[in-house]
Amino acid sequence: MGRILALGILGTLACAQVAAAQAGSITGTITTSAKGTAPVRVTIDQKVCGNELPDEAIVVDAQGRLANAVISVVGLKRSVSSETVVSNEKCRFGPRVQLARPNANVRTTSKDPILHTTQAQTENGRTIFNVALPVPGINISKPIGAAGTVRLNCNTHPWMRGWVIVTDDAAAISGADGKFTLDNIPPGTYELRVWHEALKGAPQKVTVVAGKPTEISFQLK
Amino acid sequence: MWGAWCARCHAQDGSGKIDEPTVSVEPMDFTDCKLTTAEPDADWERAIAKGGPGVGLSPLMPGFEDSLTAEQISGFVAHMRGFCKETGWPNGNNNFPRPIITEKAFPENEFLILPAVSHDREVEFVALYEQRLGKRSMFEVSVPAVSTATTPRHNGLGDIEIAFKHTVFTNAGNAATGTAPRIVSLGMDFVVPSGDHEGKGIGHGTVLFEPFISAGTMLSNWYLQGQFKMELPIDETKAERAVVYNAYIGRDTSAAPNTWTFGVELNGENHELALTPQVRKGLTGTGALAASIGAMVPLNEREERGVKWVGYLLWEFLEPLRARK
């Protein structure tokens, strides 16, 4: 019995390795001609928040490379397995943009000694939850609901903004250098969609071949 | 802690008016006594615990149930109640769910439709409007529409009633010391013989004066409410003098505004006795709309009286905590 089980496990591992070897990947860079916006002047809780905070609606470097864009592979089911944690630190949500699988619990936590709230809203404005974080060190987990784009607000600090892209499609977020990587994509032709909180870009078709990366770039307006 | 947390939106003085608001909706004004006194502690505690989305109010109000203890939340409710600086307002802990027959003691702002169908198919719809006057009083006007059980049926308006009620005693109660809330009100109904008594047999055909006393309290989680009323006709050849006595016991199944409330009334008029088991349900997130249905089952003279179906649909249209702006 034990030998049969061991053989079964070995067989499964072997299959997984073959699948990985046959898979390809998609890499690329997100760029834009849009410029970053001016910093936000802080009018409350300056002791904790500072006098000025960057407006992170458009985070772009000198070469026009854009962070915080989400690239998703339409129809390629792949849930985010790690926990999605929203931190409230120095009056910012961090990270600004995150992924979560549908109906997952999203944990919100604060390091600031002031009242924050985390209000999660769907695209049509319905509130999924709104929880108070009155003291530092608190952790509150709430279900994030169905697939879609969820906006995070803090009702005591109106400039605070975060986004949770709730999806079970394979997805990646562009880094500070505008680059993204989608690993372990089976060969085939896919539609890639790009989402950004302030900018738009057209979807693109991409064909992935086994064993090597496929390059694709998006220009957002 | 009010200053550090709540005052960020509700202002230090509870008025909700601050120079640089961070929310787009101005919060309710807690210095307005008719808002801060009208509803039970449990409703306010739930609003703080669950936030606006949990009680059908503004989603900009966050929930504190994951960050504060129940004792801390009760402390905020007590603080909030303190923004009403006037004395004499009856405390909302005495605002119990309305029974179908028994007149509740707490003054209300509401509009009701009360249908009733007797065993012989007499059908009645009463439209009832209640409005608070000042701190402790209330007036109401009710207009019944009746379809008699005769053959052929007669349809028409019944006797219009105008009533006045005043709370003479109220005690907020104290959950910590185990003191129950208590309330006593006195009132008077005037029955105007507007129904066609002679032609259709609708209404009493005479003016009636109906002085009453209503009282309520709680025993553990049970609501206890009672009413004693005299019905005194001007012309005793047309209507009988009667003694009416009603008692209600019931309880909620949850703290939510849309909870189910199960109760039973003992309804007496002279020697006639009936039991009215009933269920009430809040229909909206804030509980501003509620419905109740019950069966009035006679305990004596069963053959002649039969079961009467009773109920109401209630709209607390003027109650600030319920009627969302």
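The structure presented is a predicted model; accordingly, all values stated were derived computationally and were not measured. (Residues numbered from 1 in each chain as written. Chains lettered and ligands numbered in written order. Predicted model: local features only at pLDDT ≥ 70, side-chain atom pairs only at ≥ 80, totals over all residues. Heavy atoms only, no water.)

Between chain A and chain B, the contact holds 19 residues from the first and 18 residues from the second. Summed over both sides, the interface of chain A with chain B buries roughly 1400 Å², with 58% coming from carbon and sulfur. Looking at the side of chain A facing chain B, the largest losses of area belong to A:Leu115, A:Asn130 and A:Asn155, adding up to 32% of the total buried there. Inspection of the region where chain A meets chain B yields two salt bridges. Across the chain A-chain B interface, the total number found is nine residue pairs in polar contact (both at pLDDT 80 or more). In terms of residue count, the dominant contributor to the side of chain A that touches chain B is strand S10 (residues 127-133) of chain A (four residues). The class makeup of the residues in the side of chain A that touches chain B is nine nonpolar, eight polar and two charged. (Contact = heavy atoms within 4.5 Å. Buried area = accessible area lost by both parts, 1.4 Å probe. Salt bridge = Lys/Arg side-chain N within 4 Å of Asp/Glu carboxyl O. Polar contact = N/O pair within 3.5 Å; in protein donor to acceptor, adjacent residues only side chain to side chain. Helix = DSSP H or I, 4+ residues; strand = E, 2+ residues; numbered from the N terminus. Nonpolar A, V, L, I, M, F, W, Y, C, P; charged D, E, K, R; others polar.)

Moving on: the nonpolar core. As a rule of thumb, soluble globular proteins bury nonpolar side chains together. Residues and elements named next belong to chain A. Residues Cys 91, Ile 144, Val 150, Leu 152, Trp 159 and Val 164 are the most contacted members of the largest nonpolar core, which totals 24 residues. Those elements giving two or more residues to this core turn out to be S10, strand S12 (148-153) and strand S13 (161-166). Broken down by element, this core gets its largest block of residues, three residues, from S10. (Core = buried A, V, L, I, M, F, W, Y, C linked by side-chain atoms within 4.5 Å. Buried < 20%, exposed > 50% of the residue type's maximum accessible area, 1.4 Å probe, protein only.)

On to helix H1 (residues 2-10) of chain B. Residues and elements named next belong to chain B. With seven of nine residues buried, H1 is to be regarded as a mostly interior element. Those residues of H1 that sit buried are Trp 2, Trp 5, Cys 6, Ala 7, Arg 8, Cys 9 and His 10. Buried-residue contacts for H1 involve helix H5 (70-81).

We now examine the sheet that holds strand S9 (residues 116-121) of chain A. Residue and element names in this part refer to chain A. Pairing within the open sheet is mixed, and its five strands lie in the order S7-S13-S12-S9-S10. Sheet topology places strand S7 (97-100) and S10 at the edges, where each strand pairs with a single neighbour. In this sheet, adjacent strand axes meet at a mean angle of 20° when their direction is disregarded. Note: S12 against S13, six bridges, orientation antiparallel. For Gly 148, the partnering residue across the bridge sits in S13 and is Val 166. (Pairing = 2+ DSSP bridges. Axes fitted to C-alpha atoms, helices over the stretch in contact; angles between N-to-C directions.)

All names here are of chain A. Examined bridge by bridge, strand S4 (residues 70-77) and strand S14 (residues 169-173) share five bridges and lie antiparallel to one another. For Lys 77, the partnering residue across the bridge sits in S14 and is Asp 169. Relative to strand S16 (residues 188-195), S4 runs antiparallel, the two sharing four bridges. Residue pairing across strands places Ser 72 opposite Arg 193, the latter belonging to S16.

What follows concerns unusual backbone geometry. Note the cis peptide between A:Gly94 and A:Pro95, where omega equals -15°. Examined against the element boundaries, A:Pro95 turns out to sit in the loop between strand S6 (92-94) and S7. Cis geometry marks the peptide bond from B:Thr151 to B:Pro152; its omega dihedral reads -5°. For B:Pro152, the position within the fold is in the loop between strand S3 (137-147) and strand S4 (155-157). Of note, the phi angle at B:Arg121 is positive, near 75°, even though the residue is not glycine.

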